[in-house]
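Here is what each chain is made of, one letter per residue.
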Amino acid sequence: MSLLERAASSMRVRITAVATLFVLLVTVAGSVLVVLAIGHSIGQGLVSSARQDAQAIDAQLASGVKPAAAATTGRHDVVVQLVGPDGTVVASDRPELTGEPLRTRTGVTGTAVVGGLQDKFTLVAVDAGAAARAASGVDRIVVGRSTETRDETRAEAAGVLAVAVTLVVLALAVVVWVSVGRALRPVEVMREEASTITATHLRRRLAVPAGSDEVPRLARTLNEMLDRIDEGQERQRQFVSDASHELRTPLAVIRQSAEVARAHPDRFDVQRLADDVLAESLRLEDLVSTLLLLARVESAAEQPVEDVDVDDLVLAEVTRARATAPAHVTIDASAVGAGRTRGNPLLLAQVVGNLLSNAVRHARSEVRVSLAEKDGRVLLRVDDDGNGIPSDQREAVFERFIRLDDARDRDAGGTGLGLAIVRSVVEGAGGDVRAEEAPAGGARLIVRLPATE
């Protein structure tokens, strides 16, 4: 990019140029108005003075002063012409004005060039009074005042204003340039710092300038955004690490079984190898399916939503859970009442299924399910009579790949993602989920969702 293009794209240059141009236009317009006002004021003064001179001449003529004497003023900035009833010049203070009368109507001011272009006068024509007309035969008195003073004053004012406007505009341009530069300097520093923040250096943060105006707030907002990005990447890295570990376990079991079978075919028959491979394959399939479901939940904003009868979902999932639950575990759904919310029915069914699966897996003998609407919320409770969840781990159980110590045995089932899916779906539907201690001493998982009519 050339220097001119960079200057044209610079906010500092644009702001300075716009401010300077605006002030220049305003000051030039104001200066023109001032000059015109000065000229108008002086012009009115000339007209007033010429009218006073005409009245004085009229008084002299009425008192018997001869026209030639009354017309003589002895001043170079005044011109006088006395005109008779027939339009001829009776007397004038300028020899060159005794022939042709000045073309100025009675009572109307005008401008005439007298004695060449260098002498310009503002003229006033006044009708002579009856006494002056009877005594001197003068019908009209024309008096002119030189406009030289007015023109000089106007030119001087224009020159002074031109210099003042130039200095003011230049000073303003410098002030705006410096002020904008200082205001944008923290932004430029943030830009330079932001250019050094890469995927491998997300720990870096922008320096926050002092103060509480827009620039420090922008820096704090950008740092908060970087914190969220860094946290998201950290969670993604942890998720990839955990997922890799979970996927590696069944693969390692399959490989170990195959190696043992090959090394000791006499002590490791094909049926046992097939059982091990099938069991771990099913576990691997379940884990991959759960990961895909979690990815689907993460993009739940793209899923269609509708009004859902939560009680129907709960009863359907209870029926499904009873079919697969161990014989010693019963599921009591007698406390399931009506409840209606808005969301994706497939994902909400997954929430209920995961809660029931978790409860059945940890229950000793009984799982209790209840559903009700209260205070504009649909309240779902799933209780079990197992060992419960320690109070310091009731938040952690909703994290990904989290298993409590008594559930570390993978033979007990579970991927460590079920409750993470529950929280993602519920929060995406505008609800919340928490863990408590059940009255029977086990775990109670409570889901609250917004109720609809």
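Scroll up for the structure.
Source: prediction; values computed, not measured. (Residues numbered from 1 in each chain as written. Predicted model: local features only at pLDDT ≥ 70, side-chain atom pairs only at ≥ 80, totals over all residues. Heavy atoms only, no water.)

A. Region of interest: the overall build of the protein chain. Helices and strands together make up the secondary structure of the protein chain, namely ten helices and twelve strands. Split into buried and exposed, the 453 residues of the protein chain put 34% on the buried side. Pairs at least 24 apart in sequence give 60% of the contacts found in the protein chain among residues at least 6 apart. Working note: accessible area of the protein chain is about 25,900 Å², and carbon and sulfur atoms make up 56% of it. (Helix = DSSP H or I, 4+ residues; strand = E, 2+ residues; numbered from the N terminus. Buried < 20%, exposed > 50% of the residue type's maximum accessible area, 1.4 Å probe, protein only. Contact = heavy atoms within 4.5 Å. Areas by Shrake-Rupley, 256 points an atom, 1.4 Å probe, with all protein chains shown as cover.)

B. Quick peek at the sheet that holds strand β7 (residues 330–336). Pairing is mixed in the open sheet, where five strands are placed in the order β7-β9-β10-β12-β11. The open sheet is flanked by β7 and β11 (432–437), the only strands paired with a single partner. Put simply, the sheet's adjacent strands are angled 15° from each other on average, direction ignored. Bridge analysis of strand β9 (residues 366–374) against strand β10 (residues 377–384) gives eight bridges, and the strand direction is antiparallel. The residue bridging Glu-373 from the neighbouring strand is Val-378, located in β10. The strands touched by helix α8 (residues 310–324) within the sheet are β7, β9 and β10, with β7 carrying the most contacts at an inclination of about 165°. Contacts between helix α9 (residues 345–362) and the sheet are confined to β7, β9, β10 and β12 (443–450), with β10 contributing the most and set at about 25° to the helix. (Pairing = 2+ DSSP bridges. Axes fitted to C-alpha atoms, helices over the stretch in contact; angles between N-to-C directions.)

C. Broad picture of α9. Taking 1.5 Å per residue as the helical rise, α9 with its 18 residues ought to reach 26 Å, and the 26 Å between its terminal C-alpha atoms agrees with that figure. Looking only at α9, the buried set comprises Leu-347, Leu-348, Ala-349, Val-351, Val-352, Gly-353, Asn-354, Leu-355, Leu-356, Asn-358, Ala-359 and Val-360. For α9, the N-terminal cap is Asn-344; the gap from its side-chain oxygen to the backbone nitrogen of Leu-346 is 3.1 Å. (Expected span 1.5 Å × (residues − 1). Polar contact = N/O pair within 3.5 Å; in protein donor to acceptor, adjacent residues only side chain to side chain.)

D. Region of interest: the nonpolar core. Grouped together as the largest cluster of nonpolar side chains are 48 residues, with contacts concentrated most on Val-314, Leu-355, Val-367, Val-369 and Leu-380. At nine residues, α9 tops the list of elements feeding residues into this core. With residues near it in sequence (within four places) discarded, Leu-380 still touches Val-314, Val-352, Leu-355, Val-369, Ser-370, Leu-371, Leu-445, Ile-446 and Val-447. (Core = buried A, V, L, I, M, F, W, Y, C linked by side-chain atoms within 4.5 Å.)

E. The arrangement of the environment of Ala-279 in detail. If you trace the backbone, Ala-279 turns up in helix α7 (residues 270–298). Sequence separation of Ala-279 and Val-253 is 26 residues, and the distance between their C-alpha atoms is 9.8 Å.

F. Seen up close, the pattern of salt bridges. Overall, the coordinates contain 22 salt bridges when judged by the stated rule. Its salt-bridge partner being Asp-77, residue Arg-145 comes within 4.0 Å of it at the nearest N-O pair. Remark: Asp-77 occurs in the loop between α3 (67–71) and β1 (78–83) and Arg-145 occurs in strand β5 (residues 140–146); sequence separation between them is 68 residues. Among the charged side chains, a network of salt bridges with common partners joins Asp-53, Arg-75, Asp-77 and Arg-145. (Salt bridge = Lys/Arg side-chain N within 4 Å of Asp/Glu carboxyl O.)

G. Spatial organisation of empty space enclosed by the protein. For the structure shown, the criterion picks out two cavities of 30 Å³ or more. When its volume is computed, the second largest cavity comes out at roughly 60 Å³. Lining the second largest cavity we find Val-310, Leu-313, Leu-348, Val-351, Val-352, Leu-380, Val-426, Val-447 and Leu-449. Looking at the lining of the second largest cavity, the elements that each hand over two or more residues are α8, α9 and β12. Per-element accounting of the lining of the second largest cavity gives the leading share, three residues, to α9. The residue inventory of the lining of the second largest cavity, partitioned by class, reads nine nonpolar, no polar and no charged. (1 Å grid on protein atoms, 1.4 Å probe; cavity = no way out; pocket = protein on both sides within 12 Å on 5 of 7 lines; lining within 4 Å. Points joined across faces, edges and corners; volume = space filled by probe spheres on them. Nonpolar A, V, L, I, M, F, W, Y, C, P; charged D, E, K, R; others polar.)

H. The packing of α8 against α9, seen in detail. One can describe the packing of α8 onto α9 by two numbers: an axis separation of 9 Å at closest approach and a directional angle of 45°. Regarding the angle of α8 to α9, the classification is oblique. In terms of crossing hand, the pair formed by α8 and α9 is right-handed. Side by side, α8 and α9 meet where Leu-313, Val-314, Glu-317, Val-318 and Ala-321 of the first sit next to Pro-345, Leu-348, Ala-349, Val-352, Gly-353 and Leu-356 of the second. Residue classes in the contact of α8 with α9 are distributed as nine nonpolar, one polar and one charged. (Parallel < 35°, antiparallel > 145°, perpendicular 65-115°, else oblique. Left-handed = near helix turned anticlockwise from the far one by under 90°.)

I. Summary view of helix α5 (residues 148–195). With 48 residues, α5 should reach 70 Å at 1.5 Å per residue; the first-to-last C-alpha distance of 67 Å fits that figure. The largest bend in α5 is about 35°, located at Leu-184, with the proline Pro-186 one to four residues further on. Residues of α5 that are buried: Arg-150, Ala-157, Val-165, Val-169, Ala-173, Val-176, Val-180, Gly-181 and Met-190. (Bend = angle between axes of the 7 residues up to and from the residue.)

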